[in-house]
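# Analysis of the macromolecular model
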Amino acid sequence: MFLAPILKTPEQVDAIGRSARIVGLALARVAEALKPGITTAKLDAFAEEVIRDYGAIPAFKGYNGFPATLCISVNEAVVHGIPGSYEVREGDLVSVDCGVLLDGWHGDSAYTFLVRDVEKPKIELCRTTFESLEKSITFAAPGKTVGDLGHFIQKYVEMRGFSVVRELVGHGLGRQLHEPPEVPNYGKPGRGAVLKEGLVIAIEPMVNMGQRFVRTLSDNWTVVTADGLPSAHYEHTVAVTQSGVEKLSDFSAVESAISSNPYLMPLYG
Ligand code: MG
Ligand code: MG
């Protein structure tokens, strides 16, 4: 069944923006705390504290039974990793996905952190994933389709020798964490839902260093690459405006926390 996307009023877009900004602050708290030896459970606790301090609710906790505030997916884990006793190591790629519910509205954003020292090809993987997201946001505009977006991301990624995960996609969001339309990171131009003013979507390329294939671990959550090679994930909640697309989540707090954490590598420089 085709479900029509739910368009939001400017006030509703603002409310989603407030939620998405808290996601950014929770991710920034993770960026402050990340270092070799810290457990992913500890990072999860820090993020939950930030979210609750703002009077918001961790949206992932209890979602389809997911047990934590964050999805933390290390190296070959693509998404949906469960925080726990794993201790972060030098050279890890740590993908952190966070969802927040504030006043009935959701925000959703993700960032892959590089724990010093990360090898060159893994830095390239992260840069490509990040750039495919940023450039797709610049490319997006009302009248284009989600297929145009997916095609753009896929082309950007594959031209650089990496691959796009197909089993997991971006999504609309608002009252629900996942709403129509689906926003694949691959596809054909002109296909799928048309971007319209008031549409709020999460764009979230998941990019593998090797082949695109994935499998799910026996915890029934963690999605890993089938070939065991690393994967990266960046995500923004964005709103379609009259003339383009506006980011509702932002990485400014995350980036400043990275630059003052000696254990983390910035994406550039
Ligand atoms: Mg997310
Ligand atoms: Mg999402």
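Right above here is the structure, for reference.
As a starting point, this report considers the structure included with it.

Calculation criteria
Residues numbered from 1 in each chain as written. Chains lettered and ligands numbered in written order. Predicted model: local features only at pLDDT ≥ 70, side-chain atom pairs only at ≥ 80, totals over all residues. Heavy atoms only, no water. Donors = N, O, S within 2.8 Å, 3.2 Å for Na, K, Ca; no water. Helix = DSSP H or I, 4+ residues; strand = E, 2+ residues; numbered from the N terminus. Buried < 20%, exposed > 50% of the residue type's maximum accessible area, 1.4 Å probe, protein only. Pairing = 2+ DSSP bridges. Salt bridge = Lys/Arg side-chain N within 4 Å of Asp/Glu carboxyl O. Axes fitted to C-alpha atoms, helices over the stretch in contact; angles between N-to-C directions. Parallel < 35°, antiparallel > 145°, perpendicular 65-115°, else oblique. Contact = heavy atoms within 4.5 Å. Nonpolar A, V, L, I, M, F, W, Y, C, P; charged D, E, K, R; others polar.

A word on the coordination of the magnesium ion (ligand 1). Around the magnesium ion (ligand 1), the protein supplies D97 (OD), D97 (OD), D108 (OD) and E235 (OE) as donor atoms, at distances of 2.0 to 2.5 Å. Counting gaps between the donor residues of the magnesium ion (ligand 1) yields the pattern D-x10-D-x126-E.

The subject of this paragraph is unusual backbone geometry. Cis rather than trans, the peptide bond between R116 and D117 has omega equal to -15 degrees. The amide bond that connects P180 to the next residue, P181, takes the cis arrangement and shows omega of 0 degrees. Along the chain, the position of P181 falls in strand β8 (residues 179-183). At H80, a residue that is not glycine, the phi angle is positive and equals roughly 65 degrees. By the secondary structure assignment, H80 is in the loop between β3 (77-79) and β4 (93-102). A residue is classified by how much of its surface remains accessible, and H80, at 26% relative accessible area, is partly exposed. One non-glycine residue with positive phi stands out, namely N220, at about 70 degrees.

Time to look at the pairing of strand β5 (residues 105-115). In terms of residue burial, β5 counts as a mostly covered element, since 11 of its 11 residues are buried. By the alternation rule, side chains of β5 split into W105, G107, S109, Y111, F113 and V115 and H106, D108, A110, T112 and L114, which are all buried. With 10 bridges joining them, β4 and β5 adopt antiparallel strand pairing. Bridging across to β5, L102 finds its partner in W105. Hairpin connection, β4 to β5: the antiparallel pair is bridged by two residues, and D103 has positive phi, about 50 degrees. Sheet topology note: the β5/strand β16 (residues 264-265) ladder contains two bridges and is antiparallel. Note on β16: the bridge partner recorded for V115 is L264.

Further remarks concern the pattern of salt bridges. Per the counting criterion, the structure on display carries six salt bridges. Of the charged contacts, one joins K8 and E179 as a salt bridge, the two residues approaching to 2.7 Å between their closest N and O atoms. Here K8 is found in the segment before α1 (10-33), whereas its partner E179 is found in strand β8, with 171 residues between them in sequence. Assigned by exposure class, K8 and E179 land together as buried.

Around the magnesium ion (ligand 2), the protein contributes the donor atoms D108 (OD), H171 (NE2), E204 (OE) and E235 (OE), at 2.1 to 2.2 Å from the metal centre. All donor residues of the magnesium ion (ligand 2) come from one chain, and their arrangement in sequence is D-x62-H-x32-E-x30-E.

Looking at the secondary structure, you find A253 in helix α5 (residues 252-259). Since its relative accessible area comes to 25%, A253 is described here as partly exposed. Put simply, A253 and A28 are 225 residues apart on the chain and 5.5 Å apart in space, counted from C-alpha to C-alpha.

All right, on to the packing of α1 against α5 then. Viewed as axis vectors pointing N to C, α1 and α5 meet at an angle of 10 degrees, and their least axial separation amounts to 8 Å. With respect to α5, the axis of α1 lies roughly parallel. Contacts between α1 and α5 pair G24, L25, L27, A28, A31 and E32 from the former with A253, V254, A257 and I258 from the latter. Within the contact of α1 with α5, the residues separate by chemical class into eight nonpolar, one polar and one charged.

Pairing is antiparallel in the open sheet, where three strands are placed in the order β3-β12-β11. For this open sheet the edge positions go to β3 and β11 (214-216), each flanked by a neighbour on one side alone. The average undirected angle you get between the axes of adjacent strands in this sheet is 40 degrees. In the sheet, β3 pairs with strand β12 (residues 223-225) via two bridges, with the strands oriented antiparallel. Note that in β12 the partner of A77 across the bridge is V224.

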